Amino acid sequence: MKNTITFEGERTGVSSSGNTEWYEFTVTSTRHLTKSGAIGIGQSHGMGGQTASCEETQEDGVFVYRCKATCYCD
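Residues numbered from 1 in each chain as written. Predicted model: local features only at pLDDT ≥ 70, side-chain atom pairs only at ≥ 80, totals over all residues. Heavy atoms only, no water.

Colleague: I tried to follow the side chain of S15 on my own but got confused; where do I start?
Modeller: If you trace the backbone, S15 turns up in the loop between strand 1 (5-14) and strand 2 (20-29). Accessibility expressed as a relative area gives 17% for S15, which makes it buried. Among the polar contacts listed, one links the side chain of S15 to the side chain of N19, at a separation of 3.3 Å. Setting aside residues no more than four positions away along its own chain, S15 makes contact with T20 and W22. (Helix = DSSP H or I, 4+ residues; strand = E, 2+ residues; numbered from the N terminus. Buried < 20%, exposed > 50% of the residue type's maximum accessible area, 1.4 Å probe, protein only. Polar contact = N/O pair within 3.5 Å; in protein donor to acceptor, adjacent residues only side chain to side chain. Contact = heavy atoms within 4.5 Å.)

Colleague: I keep staring at the environment of T70 and nothing clicks. Help me out?
Modeller: Looking at the element boundaries, T70 is found in strand 4 (residues 62-72). On the basis of relative accessible area, T70 is assigned to the buried category, the value being 12%. C-alpha separation for the pair T70 and E24, spaced 46 residues apart in sequence, amounts to 9.0 Å. Leave out the neighbours within four places in its chain, and T70 touches T20, E21, W22, G49, Q50 and T51.

Okay, structure coming up:
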């Protein structure tokens, strides 16, 4: 089975105390992933957190997962 997955993401903010970080990332795949799978890809790229969510769409024959995560760091 062939599949191409791409990842693009960035840290979009950090609290003034430095203990909360926000991330947004996009995962694209030629095969369907679960939303938790897309979040796991973000976590493997250092963009995980205690809360995360994804919106799934299909565009031009690929699956697109637009995700947001919040990390509470001590």
